[in-house]
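Examining the three-dimensional arrangement
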Amino acid sequence: MKKLAMIISVLFLLISVGCSKSSSSGGTSSEDSYGGSLNIAISVQPPTLDAHLTTSSDAIEIMRNIYETLVTQNKDQQAVPMLAESIETSEDGLTYTFKLREGITFHNGKEMTSEDVVVSMNRWLEQSSRAKLLLSGGKFETADEYTVTLKLAEAVTDVLDIMAGKGQFPAIMPSEVIEEAGKDGVSEYIGTGPLKFVEWKQDQYIKLEKFADYVASEQESSGLSGKKTVYIDDVTYHIVPDSSTRLAGIQTGEYDIANSMPFDNYEQLKNTPNLKTFASFDSGTLNVAYNKKQGIMTNPEIRKAINTGINANAIMLASFGSEDLYNLDPGYMSPEQKDWATDAGKEVFNLGDVEKAKQMLKDAGYNGEEIILYSTRDYDHQYNSSVVLKEQLEQMGIKVSLELYDWPTLTEKRANPENWDLLIVGTGYVTTPSQLLVVNPDYVGWTNDETMTTSLQKIRTAATKEEAKELWAEMQSYMWNDYVPYTLFGHYASIITATDKLEGFTVFQGPILWDVKKTQ
């Protein structure tokens with residue numbers, strides 16, 4: 001009987017252990033049953049991992065695993081709370097009050113309090129170009145241990161959208177890390193995110209590992225917001241500038257994920273067994289900028305004529321090789337951004353009417369002057385677009401000189417308005433129209449128009465988001481029909497490829513690493 005009782009006890013213990021390991025309730029045991037390492041190939045080494053200082057897309061992809069923010073973007077690219085539990089706005093619109101989630105721990109074991117948030121956010125206000133421009137005079141202050149306030153100099157409605165932006169994002173770090181930062185940035189990369197920084201070997205790799213004490217939001221996962229569950233043990237970002245090496249690495253299984261894959265290899269990757277390839281529409285827009293500061297393109301009628309003759313579809317197809325990789329849409333904001341997407345101006349977009357363009361150029365006074373088109377071979381899609389654009393301009397009767405430079409030389413030469421007339425330029429997505437480079441008077445092309453300036457101010461001070469969106473649609477229509485600061489060819493994707501051993505892998509402005517399970 002004793003022997004039988006012992007056998008029953010052992011069987012009961014084995015069953016209990018088995019049930020514990022196979023539990024699907026989301027507890028620690030379930031997470032531990034996956035684990036493993038992720039190897040990711042990225043195209044360039046980030047300039048820094050100080051989130052307040054860089055707009056590098058590769059850096060942002062890594063940093064959003066390390067750091068978190070008061071607000072972030074959901075799947076509709078709307079600003080929603082992250083480290084903030086709740087947000088209140090005063091009746092006059094000058095004060096925002098952020099109630100913090102309690103019990104949040106930094107990677108160094110310190111609890112996050114309002115002191116850390118205030119120091120981090122005030123540094124962001126000083127360092128971020130968009131914050132300095134759009135939230136000038138703002139200041140964060142401590143209300144109590146878990147409450148902070150933002151005091152503004154003027155009431156604007158896009159405050160949270162600006163805070164949720166990608167480039168130079170307002171990461172919350174320990175106050176002492178910020179206070180010890182030098183002119184080149186912080187020396188320790190410490191946040192509250194689901195992965196923590198381990199090691200950076202210059203020009204080789206950056207390694208992160210699972211943060212065991214991560215405190216996830218209880219909200220539903222959406223975009224960059226909500227609950228994040230980490231199943232993998234560690235992540236290594238391998239710095240692999242050569243695209244053929246990234247291609248070979250993802251095919252052989254050396255890498256689990258490869259970013260910035262060549263457009264020419266899209267069909268090959270899409271049809272490769274054991275791989276999943278994503279066209280991630282997070283890159284932005286491809287455009288030609290008009291020099292509105294000096295030269296022949298200061299005449300808006302000539303800009304309108306050129307826009308009328310441009311066949312945007314032909315340019316995008318030559319640039320990206322597959323219709324899967326671009327979207328013909330006249331919106332300067334992301335077509336997937338719920339609060340701002342609009343097709344206003346579509347009536348003059350992608351017309352490709354060469355004969356009408358010829359007549360408009362004649363009426364505008366064009367007399368065979370040579371125009372200079374700047375581009376680069378460093379980015380294939382920019383070079384390809386410039387070749388096709390040159391052909392289209394010549395069909396309109398315009399004399400064109402295409403000048404090609406390496407990227408560093410181009411960025412230097414384009415700063416002088418005496419050098420060029422047209423410039424191929426890519427622009428990334430932003431969270432509000434006021435952050436668009438095309439409307440920035442200091443950015444190449446030098447947009448400086450009183451109607452647009454007035455419209456932007458009305459958008460920022462509109463009573464509701466609905467009213468603001470209507471005003472933005474009116475402004476975008478004006479940009480296409482009257483002022484024509486750029487001609488937007490279309491929106492394009494980046495190519496991300498992953499092994500099919502990854503369960504739950506999704507893409508939102510780059511690979512999402514939380515919720516990913518790696519099968520062996």
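The structure presented is a predicted model; accordingly, all values stated were derived computationally and were not measured.

All right, on to the pairing of strand S6 (residues 139-144) then. Strand direction decides the pairing type here: S6 and strand S7 (residues 147-151), joined by 5 bridges, are antiparallel. Its bridge partner lying in S7, Lys-139 is registered against Lys-151. Adjacent in sequence and paired antiparallel, S6 and S7 are bridged by 2 residues.

Take unusual backbone geometry next. Unlike most non-glycine residues, Asn-350 shows phi in positive territory, near 60 degrees. Tracing the chain through its elements places Asn-350 in the loop between strand S13 (326-327) and helix H12 (354-364). A relative accessible area of 28% places Asn-350 in the partly exposed class. Positive phi, close to 55 degrees, is recorded for Trp-446, a residue that is not glycine. Tracing the backbone shows Trp-446 in the loop between strand S16 (422-427) and helix H15 (450-460).

On to the nonpolar core, then. Core analysis: the largest hydrophobic core is formed by 75 residues, its most contacted members being Ile-310, Tyr-332, Leu-389, Leu-393, Ile-398, Trp-472 and Phe-489. The element that contributes the greatest number of residues to this core is helix H16 (residues 465-483), accounting for 7 residues. With residues up to four places along the chain from it excluded, the contact list for Tyr-332 reads Thr-285, Asn-287, Leu-436, Val-438, Trp-472, Gln-476, Met-479, Trp-480, Tyr-486 and Leu-488. Counting 68 residues, the second-largest nonpolar core is a separate cluster that includes Val-148, Met-163, Ile-172 and Ala-498.

On to the packing of aromatic side chains, then. Using the criterion set out here, one finds 11 aromatic pairs in the structure. The interplanar angle of 35 degrees and the centroid separation of 6.1 Å between the aromatic rings of Tyr-332 and Trp-480 together place this pair among those described as tilted. Of this pair, Tyr-332 sits in the loop between S13 and H12 while Trp-480 sits in helix H16, and the two are 148 residues apart along the sequence. The residues Tyr-332 and Trp-480 share a single accessibility class, namely buried. Positioned over the ring face of Trp-514 is Lys-228, at 4.4 Å from the centre of the ring. In this structure, Lys-517 packs its charged tip against the face of Tyr-231, placed 4.7 Å from the ring centre.

Let us now look at the sheet that holds strand S5 (residues 95-100). An order of S4-S5-S7-S6 is seen for the 4 strands of this open sheet, with the pairing classed as antiparallel. Looking at the sheet topology across the chains shown, the edges are occupied by strand S4 (84-89) and S6. Taken pair by pair, the neighbouring strands of this sheet meet at an average axis angle of 25 degrees, ignoring direction. Helix H4 (residues 114-127) rests against S5, S6 and S7 of the sheet, and its axis sits at about 175 degrees to S6.

With respect to the secondary-structure elements, Glu-336 resides in the loop between S13 and H12. With residues near it in sequence (within four places) discarded, Glu-336 still touches Asp-76, Gln-77 and Phe-281.

Next up on the list: the confidence of the model for the chain. Mean pLDDT over the chain works out to 91, with 94% of the residues at or above the 70 mark. Low confidence marks residues 1-32, where pLDDT is under 50. Its contacts with residues over four positions away, or in another chain, come to 10 contacts.

Glancing now at a negative patch on the surface. Negative charge collects at one region of the surface, where Glu-85, Glu-102, Glu-111, Asp-144 and Glu-145 lie side by side. With respect to the helices, strands and loops of the structure, Glu-102 is situated in the loop between S5 and H4.

Okay, the side chain of Thr-147 next. Examined against the element boundaries, Thr-147 turns out to sit in strand S7. Within the structure, the side chain of Thr-147 is placed 2.9 Å from the side chain of Asp-144, a separation counted as a polar contact. Residues contacting Thr-147, with those up to four places away along its chain left out, are Thr-97, Phe-98, Lys-99, Leu-100, Ser-114, Glu-141 and Thr-142.

Time to look at H16. Quick reminder: α-helices carry 3.6 residues per turn. Residues three or four places apart thus point the same way. If you check H16, its first and last C-alpha atoms are 25 Å apart, about what 19 residues at 1.5 Å a residue would give, namely 27 Å. Among the residues of H16, Ala-468, Leu-471, Trp-472, Ala-473, Met-475, Gln-476, Met-479, Trp-480 and Tyr-483 are the ones counted as buried. Summarising the contacts, the buried residues of H16 are in contact with helix H10 (300-309), H15 and strand S17 (486-499).

Where H10 contacts H12, the axes come no closer than 8 Å and their chain directions differ by 170 degrees. On the basis of their axis angle, the class for H10 and H12 is roughly antiparallel. Contact with H10, carried on its side by Glu-301, Ile-302, Lys-304, Ala-305, Thr-308 and Gly-309, involves Val-354, Lys-356, Ala-357, Met-360, Leu-361 and Ala-364 of H12 and no other residues of that element. Of the residues assigned to the contact of H10 with H12, the class counts are 7 nonpolar, 2 polar and 3 charged.

Cut-offs and rules
- Residues numbered from 1 in each chain as written.
- Predicted model: local features only at pLDDT ≥ 70, side-chain atom pairs only at ≥ 80, totals over all residues.
- Heavy atoms only, no water.
- Pairing = 2+ DSSP bridges.
- Helix = DSSP H or I, 4+ residues; strand = E, 2+ residues; numbered from the N terminus.
- Buried < 20%, exposed > 50% of the residue type's maximum accessible area, 1.4 Å probe, protein only.
- Core = buried A, V, L, I, M, F, W, Y, C linked by side-chain atoms within 4.5 Å.
- Contact = heavy atoms within 4.5 Å.
- Phe/Tyr/Trp six-rings, centres within 6.5 Å; stacked < 30°, edge-to-face > 60°.
- Lys NZ or Arg CZ within 6 Å of the ring centre and 35° of its normal.
- Axes fitted to C-alpha atoms, helices over the stretch in contact; angles between N-to-C directions.
- pLDDT = per-residue confidence, 0-100.
- Patch = residues over 30% accessible without salt bridge, like charges linked within 9 Å, V, L, I, M, F, W, Y side chains within 5 Å.
- Areas by Shrake-Rupley, 256 points an atom, 1.4 Å probe, with all protein chains shown as cover.
- Salt bridge = Lys/Arg side-chain N within 4 Å of Asp/Glu carboxyl O.
- Lys, Arg positive; Asp, Glu negative; His and termini not counted.
- Charge placed at Lys NZ, Arg CZ, Asp CG, Glu CD.
- Polar contact = N/O pair within 3.5 Å; in protein donor to acceptor, adjacent residues only side chain to side chain.
- Expected span 1.5 Å × (residues − 1).
- Parallel < 35°, antiparallel > 145°, perpendicular 65-115°, else oblique.
- Nonpolar A, V, L, I, M, F, W, Y, C, P; charged D, E, K, R; others polar.

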